[in-house]
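The residues making up each chain are set out below.
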Amino acid sequence: MGKISIDIRNATLIKEDITVGIDLGTTNSLIAIVEGEKRLPVCLRDGGKAIVPSILHFADDGSILVGDAAREKLVSDPRNTIYSIKRLLGRSYSELSAHSGYYGYRIVEDESGASVRVEAKGRHYTPVELSALILAELKQKAEQALGKTVSKAVITVPAYFDDQQRQATRDAGKLAGLEVLRIVNEPTAASLAYGLGLSPDEVRTIAVYDLGGGTFDLSVLRLEKGVFEVLATRGDTYLGGDDIDRSIAQFWLETVPGAELLRNDSHAIQDLRLSAERAKKHFTGSTETWRHTLASGQAVFVLELSAEQLADICKPLIDKTLQITRAALKDANTKPDEVVLVGGSTRMPLVKEAVRSLFPEIPVRDNLDPDEVVALGASVEADILAGNRRDILLLDVTPLSLGIETMGGLMDVMIPRNSRIPCSAARQYTTSVDGQTRLQISVYQGERELCSENRLLGRFELQQIPAMPAGLPKVEVRFTLDADGILRVKAMELRSGVAQEIAMEQRGGLDDATVEKMLLESLQHARSDMDTRMLLEAQQEGKQLIYTAERFVVKNRGLLNEDEIARTSMLCNELEASIASGSKDEILHAVDRLNDYTRPFAERLMDQAVAIALKGKTIE
Ligand code: AMP
């Protein structure tokens, strides 16, 4: 009988772990690492290609194809081929339904109405699960390429992603078996890829113009002493190369004889979209008219696109990006020293020319591959977080104000829009009713004075506040916005130490267009919002006074005669009537009348208290 020998070296297999940077894109996703002595970032390649299309296909045999293999199914099986998943992340059905025609697959509302599900092969998937499948594919590819375990990652998101969308991205990473070290804004990552900020003496303002497949972002960055600070960010999640493709397809549907019949044929529409993309790319490097014959069923269509036609089609889309660029620079209140181009669509000569003409005097940098810069930068950040570099720090800003609902539904801003993150803010509140043991904390995001016009992020109740007279409890509400842009809200009654932290409700996210709309509306309604705020404040003051006056009468009957009690009650009724239907001034007059009448009562109470306190004592 032979002995079994165990090789010790095999038994102690060393697991080398590596931290990667991931650009989880709307159209394509990439993974990069930093390597070598010089700590240079590189994208990992598979058969020479760094890019994995962010597309999934659910096949008949139950298998799931990811990337290029799935992309091939866009035309033959559009119902079960899922693209642009990033647009669904952290969103509710109502936020997406306006764009539902955009998707070739079925999007359904989940039971709670809070998020969406995608239907494929009769099963429902969450956007987080779908994104996780793409991330898992990237992780697997990286492990194959490197022969090492990949378990930690930095993942990028558009600058305008809100809490829910960032959280959803983080969840997707976790589901794919990755520890997400940080969620980083794409333009910030791109600037890192350019090595900007690496020299400590560099002082510069940079505009990062990022036009990808599905989104546009513009960030204004300030670089100083190796520190990146995002001065402002603006964007639009429904503006990108995909929109250009759709506009070209739309142009053909309207102009090619007989093509309008294709409108209801989802296969043909996908075919047109792919042809449109090919036509668009043809003009990077050529000005010749593009021609192609498309067969659909029995019919044959001749598709044509000239350079002039492309320029006309793209103009409104490009103009929109320039408009957003100007607005972001206005937000930042500065002029850039240089512009960095990011995203596959910035390969288009039309885009480059437009940006150059907006900034004729400063360099427009486009020397890196615009598809790879975000992933490269994410890997630089991953390298920093892995402790390999200590010379860079990242700061960001929050795109919308964050606050809580106070009396009368008013928004009390805790962290104003464009505040640098990470940051924290705290404020004290109190109760308005005697013996109140609960306080509802509702957290909102937006620029309007009224919470009902803003977006509810979450709501919770601080319970078990020890019963005290109104105004005595001290409830500190603290907002902490971490480096990923994720908000945590804590409420604590300081006298008793009772505390509660918010578990944010999972609701849909905000797209950039909504952010823009919210900002615009806040400007348009600034005047009427202010009037509403003043009216609500007056109403609240009135209610509080009635409460105090009535409580006084109940507690101190002995100090007042019948007439005084009757008159106080009448003034309270008058005030109540003006709160119900009066103007701000009418309410404030009624407040003054009640205040003036009851003030001597309070003095009487004080005199009585002093008399009791002095009883039996002599004044020296
Ligand atoms: P991204 O989201 O950054 O990967 O960008 C992908 C987008 O860039 C898609 O809309 C592509 O059609 C577009 N794109 C890639 N290469 C080119 C090119 N050579 N010319 C025009 N658009 C391009």
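Residues numbered from 1 in each chain as written. Predicted model: local features only at pLDDT ≥ 70, side-chain atom pairs only at ≥ 80, totals over all residues. Heavy atoms only, no water.

1. Concerning the packing of aromatic side chains
So, point 1. Under the criterion given, the structure shown has 6 aromatic pairs.
So, point 2. A centroid spacing of 5.4 Å and a plane angle of 80 degrees characterise the contact between Tyr83 and Tyr105, whose relative ring orientation is edge-to-face. Taken as a pair, Tyr83 in the loop between strand S7 (81-82) and helix H4 (93-96) and Tyr105 in the loop between H4 and strand S8 (106-109) lie far apart in primary sequence, 22 residues in all. Of the two residues, Tyr83 and Tyr105, neither departs from the other in class, the shared state being buried.
So, point 3. Taking 5.4 Å as the distance between ring centres and 50 degrees as the angle between the ring planes, the aromatic pair formed by Tyr103 and Tyr105 counts as tilted. Just as Tyr103 is buried, Tyr105 falls in that class too.
So, point 4. Following the ring pairs from residue to residue traces out a cluster consisting of Tyr83, Tyr103 and Tyr105.
So, point 5. Its end group placed over the ring of Tyr238, Arg87 keeps NZ or CZ at 4.4 Å from the ring centre. (Phe/Tyr/Trp six-rings, centres within 6.5 Å; stacked < 30°, edge-to-face > 60°. Helix = DSSP H or I, 4+ residues; strand = E, 2+ residues; numbered from the N terminus. Buried < 20%, exposed > 50% of the residue type's maximum accessible area, 1.4 Å probe, protein only. Lys NZ or Arg CZ within 6 Å of the ring centre and 35° of its normal.)

2. As for helix H5 (residues 127-146)
Because each turn of an α-helix spans 3.6 residues, side chains separated by three or four positions end up pointing in the same direction.
So, point 1. Given a rise of 1.5 Å per residue, 20 residues ought to cover 28 Å, and the 28 Å separating the end C-alpha atoms of H5 matches this to within 8%.
So, point 2. Every buried residue of H5 is listed here: Pro127, Val128, Leu130, Ser131, Ala132, Ile134, Leu135, Glu137, Leu138, Lys139 and Ala142. (Expected span 1.5 Å × (residues − 1).)

3. Some remarks on the pattern of salt bridges
Should their charged atoms come close, side chains of opposite charge can pair.
So, point 1. Throughout the structure, instances matching the rule amount to 38 salt bridges.
So, point 2. Residue Arg604 pairs with Glu564 through a salt bridge whose shortest N-O separation is 2.7 Å. Here Arg604 is found in helix H16 (residues 584-614), whereas its partner Glu564 is found in helix H15 (residues 562-581), with 40 residues between them in sequence.
So, point 3. Looking at Arg604, the relative accessible area reads 30%, which means it is partly exposed.
So, point 4. Between Asp596 and Arg599 there is a salt bridge, and its shortest N-O distance comes to 3.4 Å. One end of the pair, Asp596, and the other, Arg599, are both in helix H16, 3 residues apart, so they sit about a helical turn from each other.
So, point 5. Arg599 gets classed as partly exposed once you look at its relative accessible area, which sits at 44%. (Salt bridge = Lys/Arg side-chain N within 4 Å of Asp/Glu carboxyl O.)

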